[in-house]
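Letter by letter, the chains look like this.
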Amino acid sequence: MANDPNWNLPEVPTFTLTSPDFSDGDALPDWARGADAGGEDRSPALEWSGAPEGTQSYVLTVYDPDAPTGSGFWHWSLTDLPASTTSLPQGAGTDDALLPAEALRRRNEYGTDTFLGAAPPAGHGPHRYVFTLSALDVPVLEAPADATPAVVGFLLREHLLGRAQLTGTQETPAS
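This structure is a prediction, so every number in the text was calculated from the model and none was measured.

J.: Is there a simple way to explain the environment of Ala103 in this structure?
T.: One can find Ala103 in the loop between β5 (87–88) and β6 (104–105). A relative accessible area of 12% places Ala103 in the buried class. Separated by 46 residues in sequence, Ala103 and Ser57 place their C-alpha atoms 9.4 Å apart. Leaving out residues up to four positions away in the same chain, Ala103 has contacts with Thr79, Asp80 and Leu81.

Now the structure itself:
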């Protein structure tokens with residue numbers, strides 16, 4: 001597959017990540033598009049199960065490997081989701097009250113710490129938005145406060161127990 005977001009990641013056991021708002025491989029809801037792209041920058045609800053034994057926390061990222069940047073585009077990053085967490089409600093990407101108290105928002109490509117909705121360039125074709133939930137063997141990922149998702153991904157490698165993924169798509173028609 002072109003632009004495989006997992007091409008250089010370690011192989012680990014998988015577990016299940018789903019959403020009541022979209023199915024794997026299907027289009028994200030229009031409200032999950034970026035505000036500048038006709039949406040609301042609202043993150044979809046997520047649910048997971050079957051994490052590996054020994055999981056102490058999770059890291060969540062949302063990545064567009066199809067962005068025309070040479071390095072993709074990171075839309076959202078959370079660390080330190082407690083192991084007892086099994087879901088996030090719709091809108092948790094912009095509302096701290098919907099996140100577990102221990103969870104830490106991390107930077108996205110715009111340098112903010114909220115969910116950036118899908119906004120592929122007009123006429124660029126369909127983009128994939130890969131929601132990755134990583135199960136870790138530590139309760140807290142020691143990362144600088146301003147860590148980018150790429151740095152978070154590098155730091156979690158030595159603590160990675162398992163990975164769950166869910167992919168949504170979006171496209172902006174040519175004008």
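Next comes the rest of the account.
J.: Can you help me understand the nonpolar core in this one?
T.: With 26 residues, the main nonpolar core has Leu17, Trp48, Leu60, Leu81, Leu88, Phe131 and Leu133 as its most contacted residues. Sorting the residues of this core by element identifies β2 (46–49), β3 (57–64), β4 (73–82), β7 (127–136) and β8 (160–170) as the ones contributing at least two each. Contacts of Leu81, omitting those with residues within four sequence positions, involve Ser57, Tyr58, Leu60, Leu88, Pro100, Ala103 and Leu133. Within the second largest apolar cluster, nine residues are counted, among which are Val138, Ala143, Ala147 and Leu160.

J.: How should the layout of surface pockets be read in this particular structure?
T.: It is the rolling of a water-molecule-sized probe over the atoms that shows where space remains empty. The volume enclosed by the largest pocket comes to roughly 700 Å³. Lining the largest pocket we find 29 residues, and of these Pro5, Asn6, Leu9, Tyr63 and Trp74 sit closest to its centre. Looking at the lining of the largest pocket, the elements that each hand over two or more residues are β3, β7, α1 (149–156) and β8. Among the elements that make up the lining of the largest pocket, the one with the highest residue count is α1 (five residues). There is about 260 Å³ of room inside the second largest pocket. Together, 17 residues line the second largest pocket, and Phe73, His75, Tyr110, Gly117 and Ala119 are the ones closest to its centre. Counting only elements with at least two residues in the lining of the second largest pocket, the list comes to β4 and β7. Tallied by class, residues from the lining of the second largest pocket come to ten nonpolar, four polar and three charged.

The rules behind the values
- Residues numbered from 1 in each chain as written.
- Predicted model: local features only at pLDDT ≥ 70, side-chain atom pairs only at ≥ 80, totals over all residues.
- Heavy atoms only, no water.
- Helix = DSSP H or I, 4+ residues; strand = E, 2+ residues; numbered from the N terminus.
- Buried < 20%, exposed > 50% of the residue type's maximum accessible area, 1.4 Å probe, protein only.
- Contact = heavy atoms within 4.5 Å.
- Core = buried A, V, L, I, M, F, W, Y, C linked by side-chain atoms within 4.5 Å.
- 1 Å grid on protein atoms, 1.4 Å probe; cavity = no way out; pocket = protein on both sides within 12 Å on 5 of 7 lines; lining within 4 Å.
- Points joined across faces, edges and corners; volume = space filled by probe spheres on them.
- Nonpolar A, V, L, I, M, F, W, Y, C, P; charged D, E, K, R; others polar.

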